[in-house]
Structure formats: structure tokens, C-alpha cells
Amino acid sequence: MSNETFGLVKSLERTSGVKSLRDLVRMKSSTNAVLLLDVSYSMNAPMLNGKTRITGLREAVTGILKNRPGTQMAAFGLTPQIDPPKGEVEFVTVVPDAQGGTPLAEAIMFAGTNGFGRCVVISDGAPNDRSAAIDAAQTFGGQIDVLFVGDAGDPGSDFLDELARLTGGTRFEGDLSDPKELGTAVIGLLNGEVLEQDDNGDDEDEDEDEDDDI
């Protein structure tokens, strides 16, 4: 750790309880992350439990806000309107009705314009414009984690996997029929806890190597 980083960590330790560089990374991930919610028309699709995807998303978001108050959220796929003015992407406090397309590129640009450094995307399919979404992600420059909540085999799944890989993010399969589990995964991503899971996995591998040596 450099002297400059060490000094920053020590300063933050006195003011906010940060005790390590890992804690600093987690704090930055937590305070500078936004949850991007796909509310495209396809989210009206029914699930096996009889509920629609958008209903499952509402239930998941309710749990997220209960356990992580203050989570910043933006919906993408809104129908633009003039009065009151509203675009395809807007900050929300509740999940709107499923209604439009999938302007993922615009959602990523929205996150960057509003100063976020990390995105967690919940989506059920491919964006309106794949190349535009990739360009937006490259301009954004931050990590994008993805939870795919669409049908198995949907081409959007492969695209979202590529998007996460290109930005150093993680891609998960999400199940909107189990909103509690999905909400737990989202909170972990927003808090940067996936970094800790990766570190623990590496430690376990090292322990296994040591056992082999013995």
C-alpha cells in the first residue's frame, strides 16, 4: 500500500470506521453505485408462479429498500412524455409499470452523467442497440454488474454476459419468482461484497494448495 493510500485509509478510519483498503473499496462501491431497472414491455411476461416479471421486480425492490435504505435507482424503458417532462430513463423510488423498449445505452449514460461509478443492471433481454450499449459502457468506464432475469436461451443473456465481462463486472442469473434471494444478491453487488467472495475463494484455493503440499 502506498503512503498516500495508507494516509487516506487512516484518515477515513478516524471519520468513518474504514480500517483497510478493502473496506475503502467496499465503501466507494456502496456509496457510488446505482441500480438500473429494466421496465421494458417484455417485463409484463408471466412467470411459472403466475406473477409477471415486473411484479417480481417490485417485490425484490421492496426488500432491497427495506434492507438497504437510500439505494439509488433509475428505471429504463419508460415512455417519454412532455408534460410533465419525462425521458426513457429517470430516477425512481418505486418500480413503474412495464411499458417501453430497452434503452440500456441511455441508462448507462444516465448513470455516468449523474456521477455514478458503478451500475447494477436487472434486465430480461437485449437492449435496443447493442453497439450503442457497448459504446456507452466504454465511455462510462466503471464496473457494470448484471442480473439476467429473462428466459433461458434468450440472446440478451449472451449480450449481458459480454457487457459485464468487458467492464470487469459480474453476471448472474436472477430469478424474479424468488425476490428475496434476488434482492440479497443485488444488495451484495451494490455493497461490493462480491469482491470479498472472490478473495475468500482465492484464500480457499491457497489453503487447498497448502494441504496438497502436506
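Our subject is the structure that appears above.
The structure presented is a predicted model; accordingly, all values stated were derived computationally and were not measured.

Parameters at a glance
Residues numbered from 1 in each chain as written. Predicted model: local features only at pLDDT ≥ 70, side-chain atom pairs only at ≥ 80, totals over all residues. Heavy atoms only, no water. Helix = DSSP H or I, 4+ residues; strand = E, 2+ residues; numbered from the N terminus. Contact = heavy atoms within 4.5 Å. Areas by Shrake-Rupley, 256 points an atom, 1.4 Å probe, with all protein chains shown as cover. Expected span 1.5 Å × (residues − 1). Buried < 20%, exposed > 50% of the residue type's maximum accessible area, 1.4 Å probe, protein only. Arc of directions from axis to C-beta. Polar contact = N/O pair within 3.5 Å; in protein donor to acceptor, adjacent residues only side chain to side chain. Pairing = 2+ DSSP bridges. Right-handed = clockwise from strand over helix to strand, strands pointing away. Phe/Tyr/Trp six-rings, centres within 6.5 Å; stacked < 30°, edge-to-face > 60°. Core = buried A, V, L, I, M, F, W, Y, C linked by side-chain atoms within 4.5 Å. Axes fitted to C-alpha atoms, helices over the stretch in contact; angles between N-to-C directions.

Peer 1: Help me understand the overall build of the chain, please; the structure alone is not making it clear to me.
Peer 2: Of the regular secondary structure elements, the chain holds 8 helices and 6 strands. Sequence separation of 24 or more characterises 66% of the internal contacts of the chain that already satisfy a separation of 6 or more. Accessible surface for the chain amounts to roughly 11,400 Å². Of this, 49% is attributable to carbon and sulfur atoms.

Peer 1: Help me out: how do you make sense of unusual backbone geometry in this one?
Peer 2: Peptide bonds are, in most cases, trans, and in most cases residues other than glycine have a negative phi. The amide bond that connects Asp 83 to the next residue, Pro 84, takes the cis arrangement and shows omega of -5°. Within the secondary structure, Pro 84 is located in the loop between strand E2 (73–76) and strand E3 (89–91).

Peer 1: Explain helix H6 (residues 155–166) to me, please; I cannot follow it from the model alone.
Peer 2: Taking 1.5 Å as the rise per residue, H6 with 12 residues should run 16 Å; its terminal C-alpha atoms sit 17 Å apart, in good agreement. Of the positions making up H6, those classed as buried are Gly 156, Ser 157, Phe 159, Leu 160, Leu 163 and Ala 164. Considered in projection along H6, the buried side chains sweep an arc of 165° and stay on one side of the axis. In H6, those exposed residues whose orientation departs by more than 90 degrees from the buried face are Asp 158 and Arg 165. Taken together, the buried residues of H6 touch helix H4 (104–113), strand E4 (118–123), helix H5 (130–140), strand E5 (143–148) and strand E6 (171–173). You can read the cap of H6 off the contacts: a side-chain oxygen lies 2.6 Å from the backbone nitrogen of Gly 156, and it is on Asp 154. Note on H6: the residue one or two positions beyond its end, Gly 168, has a positive phi of about 75°.

Peer 1: Please clarify how helix H3 (residues 53–67) should be interpreted in this entry.
Peer 2: Residues spaced three or four apart along an α-helix face the same direction, because each turn holds 3.6 residues. Relative to the 21 Å expected for 15 residues at 1.5 Å per residue, H3 spans 21 Å between its end C-alpha atoms, a close match to the ideal helical length. If you check which residues of H3 are buried, you get Arg 53, Ile 54, Gly 56, Leu 57, Ala 60, Val 61 and Ile 64. Along H3, the residues classed as buried sweep out an arc of 150° about the axis, all on the same side. Turned more than 90 degrees off the buried face of H3, the exposed positions are Thr 62 and Lys 66. Buried-residue contacts for H3 involve strand E1 (33–38), E2, E4 and helix H7 (179–190).

Peer 1: Can you help me understand the pairing of E4 in this one?
Peer 2: A regular strand carries its side chains on alternate faces of the sheet. The element E4 is largely enclosed, with a buried count of 6 among its 6 residues. In terms of strand pairing, E1 meets E4 through 5 bridges, oriented parallel. Looking across to E4, one finds that Leu 35 is bridged to Val 120. Note that the unit made of E4, H5 and E5 has a crossover that is right-handed.

Peer 1: In this structure, what is going on with the packing of aromatic side chains? I would like to understand it.
Peer 2: Two descriptors summarise a pair of aromatic rings, namely the distance from one centre to the other and the angle between the planes of the rings. Inspection of the entire model under this criterion finds 2 aromatic pairs. A connected cluster of aromatic rings, assembled from ring pairs, spans Phe 91, Phe 110 and Phe 116.

Peer 1: Explain the nonpolar core to me, please; I cannot follow it from the model alone.
Peer 2: Soluble, globular proteins show a tendency: their nonpolar side chains are buried together. One finds Leu 35, Leu 37, Leu 57, Ile 122, Leu 182 and Val 186 to be the most contacted residues of the largest nonpolar core, which totals 27 residues. For this core, the secondary-structure elements that each account for two or more residues are E1, H3, E2, E4 and H7. Setting aside residues no more than four positions away along its own chain, Leu 182 makes contact with Ala 60, Ile 122, Leu 147, Val 149, Gly 174, Asp 175 and Leu 176. In this structure, Phe 116, Ala 133, Ile 134 and Phe 159 belong to the second largest nonpolar core, which totals 26 residues.

Peer 1: Before we go on, may I ask you to explain the sheet that holds E3 in this structure?
Peer 2: Backbone hydrogen bonds hold the strands of a sheet together, and the pairing may be parallel or antiparallel. Taken in spatial order, the 6 strands line up as E3-E2-E1-E4-E5-E6 in an open sheet, and their pairing is mixed. The sheet is open, and its two edges are formed by E3 and E6, each paired on a single side. Ignoring which end each strand starts from, the neighbouring axes of this sheet average 20° apart. Summarising the sheet, E1 and E2 pair through 4 bridges and their orientation is parallel.

Peer 1: How should I be thinking about the pairing of E1 in this particular structure?
Peer 2: Buried residues dominate E1, accounting for 6 of its 6 residues. Side chains of E1 alternate between two faces, with Ala 33, Leu 35 and Leu 37 and Val 34, Leu 36 and Asp 38 buried alike.

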